[in-house]
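Spelled out from the first residue to the last, the chains are:
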Amino acid sequence: MKAPPDSGETPFRLMWRKLRRHRLAQISGVILILLYAIALLADFLAPRDPNAYIGRFTYAPPQQLHLFDGVTFAPFVYDYKVTVDPDALKRSFEVNPDKKIPVHFFVASEPYKLLGFIPLQHRFIGPADPESPFYLFGADRLGRDMLSRLIHGARISLSIGLSGVMLSLLIGVIVGGISGYVGGRTDMIIQRIIEFIWSLPQIPLWLGLAAAMPRDWTSLQAYFVITIILALIGWTELARVVRGRVLALKTEDFVAAARLDGASELRIILRHIVPSFMSHIIAVATLAIPAMILAETTLSYLGLGLQAPIVSWGVLLREAQNIRSIASAPWLLAPGFAVILAVLALNFFGDGLRDAADPYS
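Residues numbered from 1 in each chain as written. Predicted model: local features only at pLDDT ≥ 70, side-chain atom pairs only at ≥ 80, totals over all residues. Heavy atoms only, no water.

Draft legend 1. Structural detail: unusual backbone geometry. Positive phi values are uncommon outside glycine, yet Tyr59 reaches one of about 55 degrees. Inspection of the secondary structure assignment puts Tyr59 in the loop between helix H3 (42-45) and strand E1 (66-69). In this model, Phe106 sits at a positive phi of 55 degrees, which is unusual for a non-glycine residue. (Helix = DSSP H or I, 4+ residues; strand = E, 2+ residues; numbered from the N terminus.)

The following block contains the structure:
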């Protein structure tokens, strides 16, 4: 095998230069930046409070946003024409072309705190009259705005993936580093534990751990525990990667020099060995985030993960469990498409990072 080229550049600069040649990874990176920006600014971008409901607009269909009224820039949506079937007691919605609802940018709203500490009283977009219907992505069974719930759901689903990976990254690097560096009986015990965890069927394991959570816990406690559960299951693959890299590097000259200089074993692992393949760890961690997001979505969809009033993509997909609801309100599947977009973007971006981190590519 040929040695990697020595250009005198740092590993991260070499990684960045190769990543710039990966067009699909670049597009995915832009999509991820937009998704996480939306999640971060959810309170400002969402037209309404995600839990605010208007009963007379249950299962209201999506409205089309018109930016121009003739040649004048005056955003608006058409109002609904609502009819009620006296036999089935079912509402039907039709577009009312005779009534326009003005839409404003930076519209006044109820007070809230952006990012938890910035007081604001405006939202990015919304109807001029707060009581008017404004459902760009339709409404759910309680008349809640699906767009607002989708935006707020991104905050939970995307952040739980990052939080879970950060925790599993910490566990995987420490345990994998000790396993590869110490070797012997310690390595054998750690590897048998990893193989035992791998042998457990994941979905029943998730269900068992999630079902053990007390039902009287707060939303914050449930969020924290779900993150812990996903991290405790997701660290094993990263630990195997770190172990293999440490085994290959622990006999190198720079490790021997650090040992002769009096550095402790933990310091050698964390300060000398791990940084030498940190770019590879970043690539592996990026590929692990989609698995975390899918795991949270699966648990919440099955009713054993996050619960209302928490808004996540998995919780929102529970609304789509009823075939009759999907037939009459297909926009309830929007969170599923959001999950697909986020997972594909993360996978493509992680694949590009993995190729860029390979010194022989």
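Draft legend 2. Spatial organisation of the pairing of strand E4 (residues 118-127). The pairing of strand E3 (residues 90-114) with E4 spans 8 bridges and is antiparallel. Looking at the pairing, Tyr112 lines up with Leu120 of E4. As consecutive antiparallel partners, E3 and E4 are separated by 3 residues, and within that stretch Leu115 has a phi angle of approximately 60 degrees, a positive value. (Pairing = 2+ DSSP bridges.)

Draft legend 3. Expanded view of helix H5 (residues 184-199). An ideal rise of 1.5 Å per residue puts 22 Å on 16 residues; H5 measures up with 23 Å between its terminal C-alpha atoms. Listed in full, the buried residues belonging to H5 are Asp187, Ile190, Gln191, Ile194 and Ile197. Buried residues in H5, looked at end-on, bunch into an arc of 120 degrees, giving them a common side. Exposed side chains of H5 directed beyond 90 degrees from the buried face belong to Arg185, Phe196 and Ser199. (Expected span 1.5 Å × (residues − 1). Buried < 20%, exposed > 50% of the residue type's maximum accessible area, 1.4 Å probe, protein only. Arc of directions from axis to C-beta.)

Draft legend 4. Expanded view of the confidence of the model for the protein chain. Within the protein chain, residue pLDDT values average 81, and 91% of them lie at 70 or more. At the low end of the mean pLDDT range in the protein chain sits helix H6 (residues 202-211), at 70; at the high end sits helix H2 (residues 23-40), at 91. (pLDDT = per-residue confidence, 0-100.)

Draft legend 5. Seen up close, the packing of helix H8 (residues 253-260) against helix H9 (residues 265-273). Axis separation between H8 and H9 bottoms out at 10 Å; the angle between their running directions is 135 degrees. By the criterion of interaxial angle, the relationship of H8 to H9 is oblique. Seen along the crossing, H8 lies across H9 with a hand that is right-handed. Note on element contacts: H9 touches H8 through Ile268, His272 and Ile273, opposite Phe254, Val255, Ala258 and Arg259. (Axes fitted to C-alpha atoms, helices over the stretch in contact; angles between N-to-C directions. Parallel < 35°, antiparallel > 145°, perpendicular 65-115°, else oblique. Left-handed = near helix turned anticlockwise from the far one by under 90°. Contact = heavy atoms within 4.5 Å.)

Draft legend 6. Geometry of the pattern of salt bridges. Taken as a whole and assessed by the stated rule, the structure comprises 9 salt bridges. In this structure, the salt-bridge partner of Asp140 is Arg149, at a minimum N-O distance of 3.7 Å. Taking the relative accessible area as the measure of exposure, Asp140 reaches 0% and is therefore buried. As a salt-bridge pair, Arg192 and Glu195 come within 2.8 Å of each other at their nearest N and O atoms. Remark: Glu195 and Arg192 occur in helix H5; sequence separation between them is 3 residues, near one turn of the helix. Residue Arg192 is classed as partly exposed on the basis of its relative accessible area, which comes to 42%. Overlapping salt bridges bring together Asp140, Arg144 and Arg149 as one network. (Salt bridge = Lys/Arg side-chain N within 4 Å of Asp/Glu carboxyl O.)

Draft legend 7. Broad picture of the sheet that holds strand E2 (residues 72-85). Strand order in the open sheet formed by 4 strands is E1-E2-E3-E4, with antiparallel pairing between adjacent strands. Here the strands that pair on one side only, and so sit at the sheet edges, are E1 and E4. With strand direction ignored, the average angle separating the axes of adjacent strands in the sheet is 45 degrees. Taken together, the 3 bridges between E1 and E2 define a ladder with antiparallel strand orientation. The partner of Asp69 across the bridge, within E2, is Thr72.

Draft legend 8. Structural context of the side chain of Asp79. Mapping Asp79 onto the fold places it in strand E2. We classify Asp79 as buried; its relative accessible area is 11%. When residues no more than four places from it in sequence are discounted, the contact partners of Asp79 are Gln63, Glu94, Val95, Asn96, Lys99, Ile101 and Pro133.

Draft legend 9. Just the pairing of E3, in detail. Bridge count for E2 against E3 is 10 bridges, and the pairing is antiparallel. Bridge pairing links Val84 to Arg91 in E3.

Draft legend 10. Spotlight on the packing of helix H4 (residues 146-182) against H5. Interaxial distance between H4 and H5 falls to 7 Å at its minimum, and their mutual angle equals 140 degrees. As summarised for this structure, H4 and H5 are arranged oblique, according to the angle between their axes. The hand of the H4/H5 crossing is left-handed. On H5, the residues that touch Val175, Ile178, Ser179 and Val182 of H4 are Gly184, Thr186, Asp187, Ile190 and Gln191. Looking at the contact of H4 with H5 residue by residue, the class counts come to 4 nonpolar, 4 polar and 1 charged. (Nonpolar A, V, L, I, M, F, W, Y, C, P; charged D, E, K, R; others polar.)

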